[in-house]
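Examining the three-dimensional arrangement
Read off the chains here:
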Amino acid sequence: QVRLVESGGGLVQAGGSLRLSCAASGRAFYAMGWFRQAPGKERESVAAIDWSGGSTYYIDSVKGRFTMSRDNAKNTVYLQMNSLRPEDTAVYYCAAKIGRATMNPHEYNYWGQGTQVTVSS
């Protein structure tokens, strides 16, 4: 069993930055993903990282602005978000899965409770 706890969300002006953290209990041998869901919209993938941290994946709209990383010694993954836009406003969730990292939320077994990110224009 894996328990995930996100933190770091908040209110920021457009162009600003936030860093989300996701602390995981249990083993570190999981691929991790960040997902987000805005009101009235489906949950979408944002980024994913394999268990070693050697490979990362991003959706096009965040490439060059967001960076996902992990520190397995701390069982924590991060999402550094720069140049934030109002359309980035959503609840952000981290998730874990066994095996390789993917951008498909249906393949993830464990989910955190989410953290709200609000970007004002």
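Since the structure is predicted, the reported quantities are computational estimates derived from the model, not experimental observations.

What to know about the nonpolar core
Judged by nonpolar contacts, the single largest core of 29 residues is most densely connected at Leu 4, Met 32, Trp 34, Leu 79, Met 81 and Tyr 92. At the level of secondary structure, the elements contributing two or more residues to this core comprise β3 (18-24), β4 (31-37), β5 (44-49), β7 (66-71), β8 (76-81), β9 (90-97) and β11 (115-120). Residues in contact with Leu 79, not counting those within four places in the same chain, are Leu 18, Arg 19, Leu 20, Trp 34, Val 46, Ala 47, Phe 66, Thr 67, Met 68 and Tyr 92. Core analysis: the second largest hydrophobic core is formed by 6 residues, Ala 31, Ala 48, Ala 101 and Tyr 108 among them.

Digging into the packing of aromatic side chains
Here the structure, examined in full by the defined rule, presents 5 aromatic pairs. Judged by centre distance (5.1 Å) and plane angle (75°), the ring pair of Phe 35 and Tyr 108 falls under edge-to-face. Taken as a pair, Phe 35 in strand β4 and Tyr 108 in the loop between β9 and β10 (110-111) lie far apart in primary sequence, 73 residues in all. Comparing Phe 35 with Tyr 108, the two get one shared label, buried. Ring geometry for Tyr 108 and Trp 111: centres 6.5 Å apart, planes at 65°, overall edge-to-face. The class of Trp 111 is partly exposed, set by a relative accessible area of 28%. Through a chain of ring-to-ring contacts, three or more aromatic side chains come together here, namely Phe 35, Tyr 93, Tyr 108 and Trp 111. Cation over ring: Arg 43 sits above Tyr 93, and NZ or CZ is 4.0 Å from the ring centre. The ring of Trp 111 has Arg 43 sitting right over it, with the charged end atom 4.7 Å from the ring centre.

What counts as what
- Residues numbered from 1 in each chain as written.
- Predicted model: local features only at pLDDT ≥ 70, side-chain atom pairs only at ≥ 80, totals over all residues.
- Heavy atoms only, no water.
- Core = buried A, V, L, I, M, F, W, Y, C linked by side-chain atoms within 4.5 Å.
- Buried < 20%, exposed > 50% of the residue type's maximum accessible area, 1.4 Å probe, protein only.
- Helix = DSSP H or I, 4+ residues; strand = E, 2+ residues; numbered from the N terminus.
- Contact = heavy atoms within 4.5 Å.
- Phe/Tyr/Trp six-rings, centres within 6.5 Å; stacked < 30°, edge-to-face > 60°.
- Lys NZ or Arg CZ within 6 Å of the ring centre and 35° of its normal.

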